[in-house]
Amino acid sequence: MSKLIQAIRGMNDLLPNETAAWQRVEATARGVLEAYGYREIRVPLLEKTELFARSIGQHTDIVAKEMYTFADRNGESLTLRPEATAGIVRAGIEGGFLHNQVQRLWCAGAMFRHERPQKGRYRQFHQIDVEAFGLEGPDIDVELILLGTRLWDALGIRELTLEINSLGTPESRQVYREQLIGYFKSRQAELDDDSVRRIELNPLRILDSKNPQMREVIARAPSLLDYLDDASRVHFENFQSRLDKAGLRYVVSNRLVRGLDYYTRTVFEWTSAQLGAQATVCGGGRYDGLVEQLGGKPTPAIGFALGLERLVQLLIQQDLVAAPEGPRVYIAVVGETVEAEGMGLAESLRDGGITALCNCGGGNLKSQLRRADKAGARFALILGEDESRKQVVTVKDLRRDSAQRGIPQAEILSYLKQQLE
Ligand code: HAM
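The structure presented is a predicted model; accordingly, all values stated were derived computationally and were not measured.

Q: Got a sec to walk through the layout of surface pockets? Specific residues and values, please.
A: Taken as a whole, the second largest pocket holds about 530 Å³ of empty space. Forming the boundary of the second largest pocket are 27 residues, of which R173, R177, N202, D261 and Y262 lie nearest the centre. Listed by contribution, the elements that provide at least two residues to the lining of the second largest pocket are α2 (49–56), α6 (170–186) and α10 (290–293). If you tally residues by element for the lining of the second largest pocket, the top one is α6, at four residues. Its residues assigned to classes, the lining of the second largest pocket comprises 10 nonpolar, 11 polar and six charged.

Q: Got a sec to walk through the packing of helix α1 (residues 19–35) against helix α5 (residues 138–155)? Specific residues and values, please.
A: Viewed as axis vectors pointing N to C, α1 and α5 meet at an angle of 140 degrees, and their least axial separation amounts to 10 Å. Classed by the angle they form, the pair α1 and α5 counts as oblique. Pair α1 / α5 crosses with right-handed handedness. In this structure, α1 uses R24, V25, T28, A29, V32 and L33 to contact α5, whose residues at the interface are L147, R150, L151, A154 and L155. When its residues are assigned to classes, the contact of α1 with α5 shows eight nonpolar, one polar and two charged.

Q: Now, about the side chain of T79: what can you tell me, with residues and values included?
A: For T79, the location among the structural elements is in strand β4 (residues 77–80). Within the structure, the side chain of T79 is placed 2.8 Å from the side chain of T69, a separation counted as a polar contact.

Q: Break down the site of the ligand for me, citing the residues and quoting the values.
A: Taken together, 27 residues form the shell around the ligand, and within it E83, E115, Y122, E131 and Y263 come nearest. The contact in question runs from a nitrogen atom of the ligand to an N or O atom on the side chain of E131, over 2.9 Å. In isolation the ligand exposes 650 Å². Once the protein is present, 95% of that is buried. Looking at the shell around the ligand, the elements that each hand over two or more residues are β6 (124–133), β10 (280–286) and β11 (301–307). Top element by residues in the shell around the ligand is β10. It accounts for six residues.

Q: Account for the sheet that holds strand β3 (residues 69–71), with residues named and values stated.
A: Strand order in the open sheet formed by three strands is β2-β4-β3, with antiparallel pairing between adjacent strands. Across the chains shown, the open sheet's two edge strands, defined by having one partner strand only, are β2 (46–48) and β3. The sheet shows a mean angle of 35 degrees between the axes of neighbouring strands, direction not considered. Pairing of β3 with β4, which is carried by three bridges, proceeds in the antiparallel orientation. For A71, the partnering residue across the bridge sits in β4 and is S77. In this fold α2 packs onto β2, β3 and β4, with an angle of close to 75 degrees to the strand it touches most, β2.

Q: Could you give an account of the nonpolar core, naming the residues involved and the relevant values?
A: Ranked by size, the top nonpolar core spans 47 residues in total, and within it I88, F133, F184 and L207 carry the most contacts. Secondary-structure elements contributing two or more residues to this core are α2, α3 (61–66), α4 (85–95), β5 (103–112), β6, α6, α8 (215–219) and α10. The element best represented in this core is α6, accounting for five residues. Not counting chain neighbours up to four residues away, the residues in contact with F184 comprise L191, I199, P203, I206, L207, V217 and A221. Among the nonpolar cores identified, the runner-up in size contains 42 residues, and V32, W106, I164 and L315 belong to it.

The rules behind these values
- Residues numbered from 1 in each chain as written.
- Predicted model: local features only at pLDDT ≥ 70, side-chain atom pairs only at ≥ 80, totals over all residues.
- Heavy atoms only, no water.
- 1 Å grid on protein atoms, 1.4 Å probe; cavity = no way out; pocket = protein on both sides within 12 Å on 5 of 7 lines; lining within 4 Å.
- Points joined across faces, edges and corners; volume = space filled by probe spheres on them.
- Helix = DSSP H or I, 4+ residues; strand = E, 2+ residues; numbered from the N terminus.
- Nonpolar A, V, L, I, M, F, W, Y, C, P; charged D, E, K, R; others polar.
- Axes fitted to C-alpha atoms, helices over the stretch in contact; angles between N-to-C directions.
- Parallel < 35°, antiparallel > 145°, perpendicular 65-115°, else oblique.
- Left-handed = near helix turned anticlockwise from the far one by under 90°.
- Contact = heavy atoms within 4.5 Å.
- Polar contact = N/O pair within 3.5 Å; in protein donor to acceptor, adjacent residues only side chain to side chain.
- Near = heavy atom within 4 Å.
- Areas by Shrake-Rupley, 256 points an atom, 1.4 Å probe, with all protein chains shown as cover.
- Pairing = 2+ DSSP bridges.
- Core = buried A, V, L, I, M, F, W, Y, C linked by side-chain atoms within 4.5 Å.
- Buried < 20%, exposed > 50% of the residue type's maximum accessible area, 1.4 Å probe, protein only.

This is the structure in structure tokens:
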């Protein structure tokens with residue numbers, strides 16, 4: 001026997017008994033996004049490596065060690081998208097639909113990061129990504145929070161915490177960065193190896209460390225909010241007062257820095273205490289400099305992405321996934337001569353809006369009824385030579401122990417509709 005080929009580590013199959021929960025999230029999200037006037041955009045899974053290096057940042061974990069990068073047959077360095085924002089900005093600049101325009105866009109699909117797989121963290125995962133371009137005031141920041149909140153409510157998800165912070169401008173952050181480097185150097189002996197490596201390269205990320213032994217060092221670090229420039233401070237205050245007016249609950253967390261370099265001003269994350277180490281269900285923020293940085297005209301922008309695996313996990317944990325519905329009707333065809341007639345009957349039921357499975361692969365009545373049961377059908381319709389001759393069909397209610405009934409084929413659709421009401 002030849003050796004079994006297994007899936008790539010961290011890349012999951014979504015099996016048929018799992019897809020119902022995914023479809024529920026996707027359909028609900030689509031409805032909520034439409035209600036806010038967001039339009040779908042689809043961008044390629046592969047982009048030039050440089051796009052991600054220039055936007056996400058050379059010294060972020062994503063670019064430094066997590067990208068699936070390879071040379072294609074022409075020797076060009078390409079990368080499987082680790083996130084959607086960079087590709088959407090590239091598409092917007094290239095398509096000329098960002099400059100001097102307001103765009104509300106969303107994109108869903110697979111992303112790829114070579115992280116160490118664990119519960120809630122995979123190498124292929126899925127995001128729904130939401131972006132708004134051309135608006136610089138905090139009103140759009142609030143709109144995005146309202147949109148996210150409406151989605152959690154529509155799904156019935158409880159107990160998410162919204163954390164917010166402001167990262168200011170690149171200039172104000174530079175001043176803060178230097179202070180932070182000085183502080184961490186003075187306490188270098190108390191940092192873990194990863195953090196020591198980050199001191200010069202990406203000191204803000206040290207604030208994000210989950211290492212309990214560094215809690216005290218991090219708690220005493222200078223706060224980014226003390227270094228905000230005036231305009232960013234006003235923006236952040238305005239954002240908060242608008243959240244208050246909208247009745248939205250949040251926690252200001254000056255340790256929230258995010259893992260991508262393009263952010264400016266507002267950043268936010270929704271987390272759940274029920275997800276263990278990978279607690280962030282959704283994260284995002286403003287990136288007012290990115291469009292220009294990638295060669296476009298200056299365009300303010302803000303967005304977020306939610307992780308579908310984590311969201312689905314929450315739905316399961318909070319018991320919010322309904323069992324998938326089977327077909328309403330299973331047609332048992334007894335005898336080769338009536339098989340075509342059975343298929344025709346199934347088609348006419350589907351024309352009438354009833355989900356129907358028609359037995360394939362033969363078998364006696366008993367085994368066909370077993371299949372009907374297994375498929376989760378409510379009714380079995382039995383079509384044998386005798387029924388065919390009389391142009392009737394025998395109806396068996398699989399959930400109730402009622403007697404079987406012969407119904408004329410011409411009336412079967414209306415009969416079933418009445419029964420299924
Ligand atoms: P991110 O924080 O890197 O942001 O990812 C957003 C969400 O994707 C996370 O909160 C998490 O739910 C999910 N996620 C990330 N990595 C993994 C993984 N390895 N396995 C499972 N789920 C994962 C971004 O990607 C930004 N592009 C968001 C954004 C849009 N900012 C502005 N616009």
